[in-house]
Amino acid sequence: MNDQAPRKRPAKPYRRPKKDPVRMLAFEALRAVDERDAYANLVLPPLLRKAREKEGFETRDAALATELVYGTLRRQGTYDAIIASCVDRPLREVDPPVLDVLSLGAHQLLGTRIPSHAAVSASVELARVVLGDGRAKFVNAVLRKITAHDLDGWLERVAPPYEDDPEAHLAIVHSHPRWIVSALWDALGGGRAGIEDLLEADNERPEVTLVARPGRSTPEELLAAVGEDSGLPGRWSPYAVRLAEGGEPGALEAVREGRAGVQDEGSQLVALALAEVPLDGPDERWLDGCAGPGGKAALLGALAAQRGAALLASEKQPHRARLVERALAGNPGPYQVIAADGTRPPWREGSFDRVLVDVPCTGLGALRRRPEARWRRRPEDVPGFAPLQRDLLREALRAVRVGGVVGYATCSPHPAETKAVVDDVLKREGVSAEWIDARPYMQGVPVLGDGPDVQLWPHLHGTDAMYLALLRRTA
Ligand SMILES: C[S@@+](CC[C@H](N)C(=O)[O-])C[C@H]1O[C@@H](n2cnc3c(N)ncnc32)[C@H](O)[C@@H]1O
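Not measured: the values here are computed from a predicted model. (Residues numbered from 1 in each chain as written. Predicted model: local features only at pLDDT ≥ 70, side-chain atom pairs only at ≥ 80, totals over all residues. Heavy atoms only, no water.)

## Describing helix 12 (residues 219-226)
Reasoning step 1: Among all positions in helix 12, only Pro 219, Leu 222 and Val 226 are buried. Considered in projection along helix 12, the buried side chains sweep an arc of 65° and stay on one side of the axis. Helix 12 presents Glu 220, Ala 224 and Ala 225 as exposed residues on the side facing more than 90 degrees away from its buried surface.
Reasoning step 2: Backbone geometry just after helix 12 places Gly 227 at a positive phi near 90°. (Buried < 20%, exposed > 50% of the residue type's maximum accessible area, 1.4 Å probe, protein only. Helix = DSSP H or I, 4+ residues; strand = E, 2+ residues; numbered from the N terminus. Arc of directions from axis to C-beta.)

Set out below in structure tokens:
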């Protein structure tokens, strides 16, 4: 018999957690989005700049940090459902910083090629640094459960079958709030394949598209500057150039000089269509009534200059009006930028030949650009925008002369922000106007529907889901 007291195992020497600057930065960005309602696309660039200066971040570190932040935010709905099935309390009772570390870990495990052991150990080390050793154990236990299945395996377990509840199934599988799945499906129509493609397109990082502002630059100049392997001509806009991943617009002289800019092709098509509608009579005065930050205004300004027309770019927010000034700087033709409320405009009725109102909206058409936006928006935001949208369109129709044309645009495909607003204004606001079929002014663009208005789609056109109605004032 051994009467000696059991020997105590020597305590494991304490090991300091390893700091991984990429994961630390991703965590900091996620906290800012969660805590301060910050926008990922605004928070990340300064963090990356600081990391480049202080931590010696290289391009691939920046790319990984960006992917971790954007991917985690986009897939949050899917990851929440998976994490919820691995913890024994409701997710709302898990501390938000713990949930952020878990979601970052889930994304590495299920949405990247990082090997499982590396994803778990990197997440546990991150948890030790930012949460402490106790909570790191919890993170370790949850992430180990997640390693039991791959993404498809998890989706089979946590998403209800499509046949039982199609919207709930799509919401979890494609990581969108259910009400947005429902709204987008109503707007798109059709069966399962279309809506699935659309939801997946929202989960892809959009290409960076440039516009060569006519008369100031050409797509050929931009393509030569970016090099054959790094750029492609636009799909639809004759002024567009698509950059390969990693292309830096700011490195191009034409962009720095404002002769070209970054602009989604859908946004280009809207400005081009408005400019192309034939007019009887003068075509000298153009208005952009909601101009900030100035993408469409800069393209309209360049087109107006080629025809000897002048552009007034108006924007309510003074700081955004300054962005419009910057976008239009160097425009070869006459233009003016003012800060004014388009619902109580300073211009006289009938002053313009062409008017664009690209109204504030929910942005449901640009979810791929703002990874956190889908989780922030609420169903009640949709009717919340309607009065302003109606007022801006009514004033736009008053601003245009009889025979002139108004373009009503939104970056949302939600019917309550698009057709319903136009129908309502035409019926109730006492301004006489008629629909113009917009489709002929988007030559070569397929699947534009039955008209007269046009709805673009990320999965069909590779653009944001821009809407355009063209109206001619009749009396
Ligand atoms: C969708 S954005 C316009 C985007 C712009 N057309 C572009 O392509 O860069 C809508 C703009 O309308 C502005 N806005 C909001 N309320 C307004 C109002 N009452 N009058 C004029 N502009 C307004 C917002 O500040 C915002 O800059």
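## Focus: the domain arrangement of the protein chain
Reasoning step 1: Split by domain assignment, the protein chain resolves into domain 1 (21-151), domain 2 (159-202), domain 3 (208-262) and domain 4 (265-473).
Reasoning step 2: Taking the mean C-alpha position of each, domain 2 and domain 3 sit 34 Å from one another. (Domains from an automatic or database assignment.)

## Observations concerning the site of the ligand
Reasoning step 1: Of all residues adjacent to the ligand, which total 21 residues, the nearest are Glu 315, Arg 320, Asp 341, Gly 342 and Asp 358.
Reasoning step 2: In this structure, Gly 342 approaches the ligand through a main-chain N or O atom, which is 2.8 Å from a nitrogen atom.
Reasoning step 3: In isolation the ligand exposes 610 Å². Once the protein is present, 87% of that is buried.
Reasoning step 4: Of all the secondary-structure elements, those providing two or more residues to the shell around the ligand are helix 15 (295-307) and helix 18 (381-399). (Near = heavy atom within 4 Å. Polar contact = N/O pair within 3.5 Å; in protein donor to acceptor, adjacent residues only side chain to side chain. Areas by Shrake-Rupley, 256 points an atom, 1.4 Å probe, with all protein chains shown as cover.)

## Considering the sheet that holds strand 3 (residues 240-243)
Reasoning step 1: Strand order in the open sheet formed by 4 strands is 2-3-1-4, with antiparallel pairing between adjacent strands. Single-partner strands in this sheet number two, and they are strand 2 (231-233) and strand 4 (260-262). Neighbour-to-neighbour, the strand axes of the sheet open up by a mean angle of 30°, direction not taken into account.
Reasoning step 2: Pairing of strand 2 with strand 3 involves 3 bridges; the strand directions are antiparallel. Paired with Pro 233 across the bridge in strand 3 is Val 241. (Pairing = 2+ DSSP bridges. Axes fitted to C-alpha atoms, helices over the stretch in contact; angles between N-to-C directions.)

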